[in-house]
2 protein chains.
Amino acid sequence: MFEEKLKELEPIFYPKSIAVVGSSAHSIKAGSIWVWSLVSAGFPGHIYPVGSRGGRIADLEIFPNLRMVPGEVDYVIVAIPRQSVLELLDDCAAKNVKAVQFFTAGFSEMDAQEGRRLEKQMLEKARQGNVRIIGPNCIGVYCPEHKIPFLMGTLGESGSVGFVSQSGGIATKLATTGIARRINYSKGVSFGNGIDLDASDFLEYLAADPKTRVIGAYLEGTRDGARLLRTMKAVAQVKPLVVWKGGRTEAGAQAALSHTGSLASSPAIWSAALKQAGAIQVNSLEELTDTLLVFQQLNSGQGTRAAIIGGLADGGGGISVSAGDACMDNGLKVPRLSLETRRELSRLLGEVGSILHNPVDVSQAQFRGLPALFQAVDSVTSDTAIDVVLIQEDMDILLPIYTWKGLEEINEFFIELRSRQDKPIIVVLPPGSAEPERLQLEQKLLAASIPVFCSMERAAKAICRLNQYACRQGAK
Amino acid sequence: MFEEKLKELEPIFYPKSIAVVGSSAHSIKAGSIWVWSLVSAGFPGHIYPVGSRGGRIADLEIFPNLRMVPGEVDYVIVAIPRQSVLELLDDCAAKNVKAVQFFTAGFSEMDAQEGRRLEKQMLEKARQGNVRIIGPNCIGVYCPEHKIPFLMGTLGESGSVGFVSQSGGIATKLATTGIARRINYSKGVSFGNGIDLDASDFLEYLAADPKTRVIGAYLEGTRDGARLLRTMKAVAQVKPLVVWKGGRTEAGAQAALSHTGSLASSPAIWSAALKQAGAIQVNSLEELTDTLLVFQQLNSGQGTRAAIIGGLADGGGGISVSAGDACMDNGLKVPRLSLETRRELSRLLGEVGSILHNPVDVSQAQFRGLPALFQAVDSVTSDTAIDVVLIQEDMDILLPIYTWKGLEEINEFFIELRSRQDKPIIVVLPPGSAEPERLQLEQKLLAASIPVFCSMERAAKAICRLNQYACRQGAK
């Protein structure tokens, strides 16, 4: 499906050469930053800076205009004032450019009448010249595999998650959150006002892209709702599609109109459309990244019967109580452990101060030694009444008791346990007063396919979304 | 009100001397950790370690039993096995001890019959000997002013927020979160099974305590619901009372039973009781600390008409859109700015790429310079249509554009603006890839009475709770 889209947009995600119009040797303009970003990210193709005053930037010659660039140009990034964009589109046609991305803003998102008129003229010129437009008012493409960063230059590892975002700010946030939480992207795109290529085109591309396994989207509105609904429906048939709709409330919709010129439909209409399309609906950046993380790291939903292991250090009882509430509030089941498991826990940890039910409070392990703790966790994980194991680790409480070395040993056991069996293990690491250690631990666990969340609520919600998707797939 | 409680519990929060029963010169036991914690926190009174094998710890003599301690003992911390607690209570009575806190666990939370029998005997002995009991199964008192830390030893600054927590884990988390987010406590207490002194007693104490202005509570259950309801009602009359009830769901209630021996009532009954009492109900540690933070830092609710300032750097439009959604979803109003303010913003920032409505996108400030940004924020803050200003700062986007120096300058302006007028300013600093810088900035803002949150949702929710309380107070 959508195989033609794959070919059509190939020059956008894998261009052999990129020109950056609006580069300057002397002042820090967006165009100049883009040139530096591409160079420092190690973009493997030709980079051609273009700027009327010439000179050099990042050891590259700046060409006074696009037509003077010596080689072929697949893709053009544009950061010049809007009054020059029509002329530039003529240059693009003359150079046989495949696609042009306009960082330039000030169109329909600013004033409806004049902005829309100009957008219409741009579109006509692009069609005549056989050039595709991304934007205007956008930051374009992010492709770690082909070393194309967003404006700010940081690139994460290449992976299996694709995203589209109408907003450049949210797109940048998706990219940086991805780096922080090891959500590794195949590619992403921010398309702003989307006057030519829009959400539907990019979603079709990602559905066909063999590198992409899961798709996330931040959308504010669309000019062609019927097509978007059709596309989402088709895309969700082949890959998980997680959608965050911005501008659901009056204040959000007002901002969306000024931001990408989007006329929002009512939240109820959007919500119904997403449901009908089989998309997974989320309501914030946190929910979007949490959901992408579990889809990336866990093969499929394996059920919602959760074991909660809390109280890795003394006093964890209250944390177990609230973890139980958080899981059940957000859709997980917290079943009774089997008699056999409870007997084993009682043997390993004793009864005093321990909670041998579920949530399991393993605080007695601090007096019984790590082998007892490891056996207890192993035994809970093996329980056939359990589909997924959630472990709450609180650095503020753990570090003083176990020290960093002990903590490393404990987490190496979790990693080893994860590697030798199929049941998902999730770690909840709430923020506190030992942030550097917490972040270090998070990276280790993430690298070993153990998703990490900063609260039990968020973990439970994400696991439930993964399972809802799996159930729907199974029901087909 | 409750003046007698203030006197009655004085030896608990301000003891002149503390004995720690269960100290050891040679092995790391809870009692030994407690002695070290008190010493390193700088507890100003006498510390008397007690342990059957004698010896020395932290340069202090360990007395073989409590009766051998030479001086008077106000307060005793107990970390010995449960079979010795009755004898210890005889010693306490003989030494005229005022209050004894049992870290010792294994009572009604473990097995209902034998545990409850022992608890009853303890209570009888305590009444006969005129000794008050805190616990068993608890970590007792936290009092920064009098240098009494919890088991783990870290002490925050002394402040105006008091708390009670049935759970030691949650109490520890409240203390460490307080240190991280500058929620400064007058005192806190964790009372576990609460067989003698319980939530009601400590709430009455905090209500009367002149050092405490706001009260937070984590409760799992109570043995005397009618008294607790009466107490909460009376306490909420004089100070804001924020209550998190753990064990609302089946899984949570199961854990609560094993944790503090609490028999939970239905969530609906609790919720109704809290409402009737005039308490502010929250559902997680995050909500509890967020709410305590705004109560501590803002004098009162000053209204819910919010201005949202987003897009401090380019591409912030989508962040403004989602911020608008988050605020309205959680109860804030996001009204239109006055014509005058909008004209001023337009003059300062131009129209291209900016959102001059509310949410306000000030991304153009990066091209117009900091003075334009400062004037824009000033003008939004002065708008009479606005009660509270929420500023979203994203380090991932801001740092590359403004550098750390620019960011400091911007935030010094926010601090200066806050200091010269009365309207609350709130900063939202979402986590990302520049955590050390983010945490540093958070500390600076918090120190200047600017509450900081990691998401717009959480900020909006906390402000609304503050305002609901203010409205109820006003309606009396």
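Quantities reported herein were computed from a predicted structural model and do not represent experimental measurements.

Draft legend 1. Inspection of the relation of the copies chain A and chain B at higher detail. If you rotate chain A by 180 degrees and push it 0.0 Å along the axis, it lands on chain B with an RMSD of 0.0 Å. Classification of the inter-copy transformation places it as that of a two-fold axis. In this assembly the copies share their binding face: 100% of the residues contributing to the interface of chain A also contribute to that of chain B.

Draft legend 2. Structural context of the sheet that holds strand β2 (residues 46-50) of chain A. Residues and elements named next belong to chain A. What the five strands build is an open sheet, ordered β2-β1-β5-β6-β7; its pairing is parallel. Among the strands making up the open sheet, the edge pair consists of β2 and β7 (132-134). Across the sheet, the mean angle from the axis of one strand to that of its neighbour is 20 degrees, orientation sign disregarded. One ladder, built from four bridges, connects strand β1 (residues 17-21) with strand β5 (residues 75-78); its direction is parallel.

Draft legend 3. Geometry of the domain arrangement of chain A. All names here are of chain A. Split by domain assignment, chain A resolves into domain 1 (3-134), domain 2 (142-297) and domain 3 (306-475). Put simply, the middle of domain 2 and the middle of domain 3, counted by C-alpha atoms, are 31 Å apart. Together domain 2 and domain 3 conceal approximately 1,700 Å² of surface at their shared face, both sides included; 51% is due to carbon and sulfur atoms. For the pair domain 2 and domain 3, the interface holds four salt bridges. Taking the shortest distance from any N to any O, the salt bridge between glutamate 287 and arginine 465 comes out at 3.1 Å.

Draft legend 4. Molecular detail of unusual backbone geometry. Residue and element names in this part refer to chain A. The omega torsion of the bond from glycine 135 to proline 136 falls at 0 degrees, within 30 degrees of zero and hence cis. Mapped onto the elements, proline 136 comes out in the loop between β7 and β8 (140-142). With an omega of 5 degrees, the peptide bond between asparagine 358 and proline 359 qualifies as cis. Of note, aspartate 59 is a non-glycine position whose phi angle comes to about 65 degrees, a positive value. Structurally, the position occupied by aspartate 59 is in the loop between β3 (56-57) and β4 (60-61).

Draft legend 5. Here's a closer look at the interface of chain A and chain B. Of the residues lining the interface, 64 residues belong to chain A; the matching set on chain B comes to 64 residues. Of the roughly 4,700 Å² buried between chain A and chain B, counting both surfaces, carbon and sulfur atoms make up 66%. At the level of secondary structure, the elements contributing two or more residues to the side of chain A that touches chain B comprise α6 (168-181), β12 (241-245), α9 (250-260), α12 (317-329), α16 (395-419) and α17 (435-447) of chain A. A total of 10 residues in the side of chain A that touches chain B trace back to one element, the largest contributor, which is α12 of chain A. A breakdown of the residues in the side of chain A that touches chain B according to their chemical character gives 24 nonpolar, 26 polar and 14 charged.

Draft legend 6. Looking closely at the packing of helix α15 (residues 370-382) of chain A against α16 of chain A. Residue and element names in this part refer to chain A. Remark: α15 packs on α16, axes separated minimally by 11 Å, with the N-to-C direction vectors making an angle of 30 degrees. Classified by the interaxial angle, the pair formed by α15 and α16 is roughly parallel. Seen from above, α15 lies across α16 with right-handed handedness. Contacts between α15 and α16 involve Leu370, Leu373, Phe374, Val377, Asp378 and Thr381 from the first element and Tyr402, Gly406, Glu409, Ile410, Phe413, Phe414 and Leu417 from the second. Grouping the amino acids of the contact of α15 with α16 by side-chain chemistry returns nine nonpolar, two polar and two charged.

Draft legend 7. Quick look at the sheet that holds strand β16 (residues 388-392) of chain A. All names here are of chain A. Across the sheet, five strands lie side by side as β15-β14-β16-β17-β18; this open sheet has parallel pairing. Unpaired on one side and paired on the other, β15 (360-361) and β18 (452-453) mark the two borders of the sheet. Those strands touched by α12 are β14 (306-310), β15 and β16, and its axis lies near 155 degrees from that of β14.

Draft legend 8. The environment of leucine 118 of chain A, seen in detail. Along the chain, the position of leucine 118 of chain A falls in helix α5 (residues 112-129). Other than its neighbours up to four places away in sequence, leucine 118 of chain A contacts Arg82, Leu86 and Phe107 of chain A.

Draft legend 9. Structural context of the confidence of the model for chain A. Residues and elements named next belong to chain A. Residues at a pLDDT of 70 or more form 96% of chain A, whose mean pLDDT is 90. At the level of individual helices and strands, chain A shows its lowest average pLDDT in α9, which scores 70, and its highest in β1, which scores 98. On the interface metric, ipTM, the complex scores 0.75, and its pTM is 0.84.

Draft legend 10. Main features of α16 of chain A. Residue and element names in this part refer to chain A. Over its 25 residues, α16 runs only 24 Å from end to end, short of the ideal 36 Å by more than 12%, given 1.5 Å per residue. Maximum bend of α16: about 100 degrees, positioned at threonine 403. One side-chain oxygen at the N-terminal end of α16 lies 2.9 Å from the backbone nitrogen of aspartate 396; it belongs to aspartate 394.

Draft legend 11. Region of the structure containing the pairing of strand β11 (residues 214-219) of chain B. Residues and elements named next belong to chain B. The buried count for β11 comes to six of six residues, which makes it a mostly enclosed element. Of the two faces of β11, the one holding Val214, Gly216 and Tyr218 and the one holding Ile215, Ala217 and Leu219 are both buried throughout. Two elements, strand β9 (residues 158-165) and β11, share five bridges in a ladder whose sense is parallel. The partner of valine 164 across the bridge, within β11, is alanine 217. Bridge count for β11 against strand β12 (residues 241-245) is five bridges, and the pairing is parallel. Residue pairing in the sheet places alanine 217 in a bridge with valine 243 of β12. Following the backbone out of β11, through helix α7 (residues 225-238) and into the adjacent parallel β12, one traces a crossover that is right-handed.

Draft legend 12. A look at the pairing of β12 of chain A. Residues and elements named next belong to chain A. Within β12, five of the five residues are buried, leaving the element largely enclosed by the surrounding structure. Of the two faces of β12, both are covered, the one formed by Leu241, Val243 and Lys245 as well as the one formed by Val242 and Trp244. Across three bridges, the pairing between β12 and strand β13 (residues 280-282) is parallel. Across the sheet, valine 242 pairs through a bridge with isoleucine 280, a residue of β13.

Draft legend 13. View of the packing of α6 of chain A against helix α11 (residues 285-297) of chain A. Residue and element names in this part refer to chain A. At a minimum axis separation of 11 Å, α6 and α11 run at an interaxial angle of 45 degrees. Comparing the axis directions of α6 and α11 gives the class oblique. Crossing of α6 against α11: the hand is right-handed. Where α6 approaches α11, its residues Ile170, Lys173, Leu174, Thr177 and Arg181 are matched on the opposing element by Leu285, Leu288, Thr289, Asp290 and Leu293. Broken down by class, the residue content of the contact of α6 with α11 amounts to five nonpolar, two polar and three charged.

Draft legend 14. Focus on helix α10 (residues 267-277) of chain A. Residues and elements named next belong to chain A. For α10, the full list of buried residues reads Trp270, Ala273, Leu274 and Ala277. For α10, the angular spread of the buried residues around the axis is 100 degrees, confining them to a single face. Exposed residues pointing more than 90 degrees away from the buried face of α10 are listed as Ala268 and Lys275. Next to the buried residues of α10 lie β11 (214-219), α8 (225-238), β12 and β13. Backbone geometry just downstream of α10 places glycine 278 in the positive-phi region, at approximately 80 degrees.

Draft legend 15. Representation of the environment of alanine 306 of chain A in the model. Counting through the fold element by element, alanine 306 of chain A comes out in strand β14. For alanine 306 of chain A, the contacting residues outside a window of four places in its chain are Leu332, Lys333, Val334, Pro335, Asn358, Ile386, Val388 and Leu390 of chain A.

Draft legend 16. Structural view of the pattern of salt bridges. Residues and elements named next belong to chain A. For the structure shown, the criterion picks out 60 salt bridges over all chains. When the shortest N-O distance is used, the salt bridge between lysine 5 and glutamate 8 registers 3.4 Å. Residue lysine 5 and its partner glutamate 8 are both found in helix α1 (residues 3-8); the two are separated by three residues, about one turn of the helix. Note on lysine 5: relative accessible area 8%, which makes it buried.

Draft legend 17. Region of the structure containing the side chain of glutamine 296 of chain B. Residues and elements named next belong to chain B. Tracing the sequence through the fold places glutamine 296 in helix α10 (residues 285-297). According to the relative accessible area criterion, glutamine 296 is buried, its value standing at 14%. At 2.7 Å, the side chain of glutamine 296 and the backbone nitrogen of asparagine 184 are in polar contact. The residues touching glutamine 296, leaving out its near neighbours within four places in the chain, are Ser160, Val161, Arg182, Ile183, Asn184 and Arg213.

Draft legend 18. Here's a closer look at the packing of aromatic side chains. Residues and elements named next belong to chain B. Inspection of the entire model under this criterion finds 28 aromatic pairs over all chains. On the basis of an interplanar angle of 20 degrees and a centroid distance of 4.5 Å, the ring pair of phenylalanine 13 and tyrosine 205 is categorised as stacked. Taken together, the residues span a long stretch of sequence, with phenylalanine 13 in helix α1 (residues 3-13) and tyrosine 205 in helix α6 (residues 199-208) at a distance of 192 residues. Judged on exposure class, the residue phenylalanine 13 and its partner tyrosine 205 are both buried. Consider the rings of tyrosine 48 and phenylalanine 63, whose centres lie 6.1 Å apart with planes at 65 degrees: the pair is edge-to-face. Of the two residues, tyrosine 48 sits in strand β2 (residues 46-50) while phenylalanine 63 sits in the loop between β4 (60-61) and β5 (75-78), which places them 15 residues apart along the sequence. The exposure class assigned to tyrosine 48 is buried, which follows from its relative accessible area of 10%.

Reading guide: rules and limits
- Residues numbered from 1 in each chain as written.
- Chains lettered and ligands numbered in written order.
- Predicted model: local features only at pLDDT ≥ 70, side-chain atom pairs only at ≥ 80, totals over all residues.
- Heavy atoms only, no water.
- Least-squares fit on C-alpha atoms with pLDDT ≥ 70 in both.
- Contact = heavy atoms within 4.5 Å.
- Pairing = 2+ DSSP bridges.
- Helix = DSSP H or I, 4+ residues; strand = E, 2+ residues; numbered from the N terminus.
- Axes fitted to C-alpha atoms, helices over the stretch in contact; angles between N-to-C directions.
- Domains from an automatic or database assignment.
- Buried area = accessible area lost by both parts, 1.4 Å probe.
- Salt bridge = Lys/Arg side-chain N within 4 Å of Asp/Glu carboxyl O.
- Nonpolar A, V, L, I, M, F, W, Y, C, P; charged D, E, K, R; others polar.
- Parallel < 35°, antiparallel > 145°, perpendicular 65-115°, else oblique.
- Left-handed = near helix turned anticlockwise from the far one by under 90°.
- pLDDT = per-residue confidence, 0-100.
- Expected span 1.5 Å × (residues − 1).
- Bend = angle between axes of the 7 residues up to and from the residue.
- Polar contact = N/O pair within 3.5 Å; in protein donor to acceptor, adjacent residues only side chain to side chain.
- Buried < 20%, exposed > 50% of the residue type's maximum accessible area, 1.4 Å probe, protein only.
- Right-handed = clockwise from strand over helix to strand, strands pointing away.
- Arc of directions from axis to C-beta.
- Phe/Tyr/Trp six-rings, centres within 6.5 Å; stacked < 30°, edge-to-face > 60°.

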